[in-house]
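Observations on chain architecture
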Amino acid sequence: MSSSNLESNTKAMPSGNKRKGLLAFLGPGFLITLGFIDPGNWATNLAGGSSYGYSLLWVITLSTLILILLQNMSVRLGIVTGKSLAENVRAHCHPTLAWLLGVSILIACVATSIAEYLGAALGLQILFGIPIWLGAILTLAIVLVTVWFPQYRRIETLLIAFLAVIGVIYVIEMFIVKPDWGAAFPAMVIPHVDSGSIYVAMGMLGAVIMPHNLYLHSNVIQERNELTVTDLEKKRMIRYQFIDTLLAMGTGWLVNSAMIIVAAAVFFRYGMEVTSIEQAAETLKPLAGNLASILFGVALLCSGLGSSVTSSMANAHVVTGYLGKSSDTKSKFWRIALLLTSIPAMAVIAIGFDSFKLLIFSQVVLSLQLPLTVIPLLALVKSRKVMGLFSSKPFEFTLAVLSTVIIVLLNALLLYQTFGGQFSW
């Protein structure tokens, strides 16, 4: 493209967004971040921190680095093609393969919804004594009201506010519990895992790198895609969205790390293994004070409500994308898809399974499905046919392949341990 064309395209860009610059593009990454700072994280981080101290903090660091890479690829796919990941899989993969991938991600989406609705219900129970089943129904009602009526930008603002509340609460809690920073900092970068901790480590991986978020990020960016007609505008938006993703996922790393640090400082320090979120809230009272318990409940409720909104949106986008239907949040089919994909979660919660084990299991399901989302994403972003000049460069693609290998290897270790294998690393 010539310099004169670039100047012409720059002049043609909406003046309001030129003035706002980066701020006009911030938001989608933070929405995705709240999607993975969810009740599933509470369960896996509490399990990791209370049972293994600070030793699994490296999983959060590694997961976040992989997450930034993959989410950036997903958002670039959405910007360049103007289509979501689900729509691109449907358009470019063999119908049978697309159907299998669609079914697998739908199962993962249901597992996600179980974790999100259950977490919000637990928050309501901790704070107000509301039964779990009723709390789940109330959460669904709040999600439907939130998603069906306000505009997308209002949803985004609300969820960012939830994320801010969670972050502030965990900063306060770290001051209350006084962690051992000499042990925590090295554990953030030095890997250690064995047959005893691999299940929880895999749950933590699945709780950060969530397949439905890779689908959702390529969808929500469409709300800003009216600004990306020319290649210059696409480059500009890709640059801004990378900054958005980096800032948002960095915030997620801080909050997730804080969860493990608090659990290690309070529970592991006193030899207490946490087996339920309710137990964690109650045990915080004598060990860290009533304020810590109340803050825990408020943060969990914000996390559950916010992530329930993002997961429900992702579920509906996945269904509409794979079926070739409109992903407009105001369309009747999209709203029906959102409601129907929430029903299995309500049913599982109503049965009354152990909430803590159910939360961890849901995250392991996500981790096992993850390669089936990551591999098609890599293939699409690498394709010149799909991405043109914006296809993945060798260095980025090599990093993404290595990340996928790590994910597959950890999955293999999990399956090996599940069938009785023993190892230490």
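Everything below is about the structure shown above.
Just so it is clear, the structure is predicted and the values come from calculations on it, not from any experiment.

Quick look at empty space enclosed by the protein
- For the structure on display, the rule yields two cavities of 30 Å³ or more.
- A volume near 50 Å³ is recorded for the largest cavity.
- If you go around the largest cavity, the residues you meet are W58, V59, L62, S63, V193, A201, M202, L205 and L410.
- Those elements that provide at least two residues to the lining of the largest cavity are α5 (57-81) and α11 (198-208).
- Looking at which element gives the most residues to the lining of the largest cavity, the answer is α5, with four residues.
- By residue class, the composition of the lining of the largest cavity is eight nonpolar, one polar and no charged.

Quick word on unusual backbone geometry
- Positive phi is not limited to glycine here, since K178 has a value of about 55 degrees.
- Relative to the assigned elements, K178 resides in the loop between α9 (152-177) and α10 (181-187).

Some remarks on a nonpolar patch on the surface
- Residues W99, L100, V103 and I107 make up a contiguous nonpolar surface patch of about 420 Å² in total accessible area.
- Along the chain, V103 falls in helix α7 (residues 95-128).
- For V103, a relative accessible area of 34% puts it in the partly exposed group.

Some details on the layout of surface pockets
- As a volume, the second largest pocket reaches approximately 230 Å³.
- Taken together, R90, P95, A98, W99, G102, V103, L106, V318, V319, Y322 and L323 form the lining of the second largest pocket.
- Where the lining of the second largest pocket is concerned, the elements lending two or more residues are α7 and α15 (290-323).
- Of all the elements, α7 adds the most residues to the lining of the second largest pocket, at six residues.
- Tallied by class, residues from the lining of the second largest pocket come to nine nonpolar, one polar and one charged.

Focus on the pattern of salt bridges
- One pass over the full model with this rule turns up one salt bridge.
- A salt bridge links R76 to E396; the nearest nitrogen and oxygen atoms lie 2.8 Å apart. Taken together, the residues span a long stretch of sequence, with R76 in helix α5 and E396 in helix α19 (residues 394-418) at a distance of 320 residues.
- A relative accessible area of 8% places R76 in the buried class.
- Classification of E396 as buried rests on a relative accessible area of 15%.

Some points on the side chain of T320
- Relative to the helices and strands, T320 is located in helix α15.
- Only 3.1 Å separates the side chain of T320 from the backbone oxygen of H317, close enough to count as a polar contact.
- Beyond its immediate chain neighbours, meaning those up to four positions away, T320 contacts K325, S326, S327, F333 and W334.

What to know about the packing of α7 against helix α12 (residues 211-220)
- For the pair α7 and α12, the least separation of the axes is 9 Å and the interaxial angle reads 105 degrees. Classified by the angle between their axes, α7 and α12 sit roughly perpendicular to one another. Between α7 and α12, the contacting residues are I105, A108, C109 and T112 on the first element and P211, H212 and Y215 on the second.
- Its residues assigned to classes, the contact of α7 with α12 shows five nonpolar, two polar and no charged.

Quick look at the packing of aromatic side chains
- Within this structure, the stated rule accounts for two aromatic pairs.
- Ring geometry for W181 versus F185: centroids 5.3 Å apart, planes at 25 degrees, classification stacked. With W181 and F185 both in helix α10, this residue pair falls four residues apart, about one helical turn.
- Consider the rings of Y215 and Y322, whose centres lie 6.0 Å apart with planes at 45 degrees: the pair is tilted. With a gap of 107 residues between them, Y215 in helix α12 and Y322 in helix α15 connect regions that are remote in the sequence.
- Overall, the relative accessible area of 2% leaves Y215 in the buried class.
- Its end group placed over the ring of Y240, R239 keeps NZ or CZ at 5.4 Å from the ring centre.
- The residue whose ring lies beneath K325 is F333, and the NZ or CZ to ring-centre distance is 5.6 Å.

A word on the environment of F185
- A residue is classified by how much of its surface remains accessible, and F185, at 48% relative accessible area, is partly exposed.
- Sequence separation between F185 and Y54 is 131 residues, and the spatial gap between their C-alpha atoms is 8.6 Å.

Observations concerning α7
- Compared with an ideal rise of 1.5 Å per residue, which puts 34 residues at 50 Å, α7 spans 48 Å between its outermost C-alpha atoms and is within 8% of the ideal.
- Immediately downstream of α7, the backbone of G129 shows phi near 75 degrees, a positive value.

Examining the packing of helix α6 (residues 85-92) against α15
- Close contact between α6 and α15 brings their axes to 8 Å; oriented N to C, the two are set at 20 degrees. Between α6 and α15, the angle is such that the two are roughly parallel. At the point where α6 passes α15, the crossing takes the right-handed sense. Counted together, A86, E87, V89 and R90 of α6 and H317, V318, G321, Y322 and L323 of α15 form the full contact between these two elements.
- Looking at side-chain class alone, the contact of α6 with α15 contains five nonpolar, two polar and two charged residues.

Reading the values: the criteria
- Residues numbered from 1 in each chain as written.
- Predicted model: local features only at pLDDT ≥ 70, side-chain atom pairs only at ≥ 80, totals over all residues.
- Heavy atoms only, no water.
- 1 Å grid on protein atoms, 1.4 Å probe; cavity = no way out; pocket = protein on both sides within 12 Å on 5 of 7 lines; lining within 4 Å.
- Points joined across faces, edges and corners; volume = space filled by probe spheres on them.
- Helix = DSSP H or I, 4+ residues; strand = E, 2+ residues; numbered from the N terminus.
- Nonpolar A, V, L, I, M, F, W, Y, C, P; charged D, E, K, R; others polar.
- Patch = residues over 30% accessible without salt bridge, like charges linked within 9 Å, V, L, I, M, F, W, Y side chains within 5 Å.
- Areas by Shrake-Rupley, 256 points an atom, 1.4 Å probe, with all protein chains shown as cover.
- Salt bridge = Lys/Arg side-chain N within 4 Å of Asp/Glu carboxyl O.
- Buried < 20%, exposed > 50% of the residue type's maximum accessible area, 1.4 Å probe, protein only.
- Polar contact = N/O pair within 3.5 Å; in protein donor to acceptor, adjacent residues only side chain to side chain.
- Contact = heavy atoms within 4.5 Å.
- Axes fitted to C-alpha atoms, helices over the stretch in contact; angles between N-to-C directions.
- Parallel < 35°, antiparallel > 145°, perpendicular 65-115°, else oblique.
- Phe/Tyr/Trp six-rings, centres within 6.5 Å; stacked < 30°, edge-to-face > 60°.
- Lys NZ or Arg CZ within 6 Å of the ring centre and 35° of its normal.
- Expected span 1.5 Å × (residues − 1).
- Left-handed = near helix turned anticlockwise from the far one by under 90°.

What is shown is where atoms sit, not what they do.
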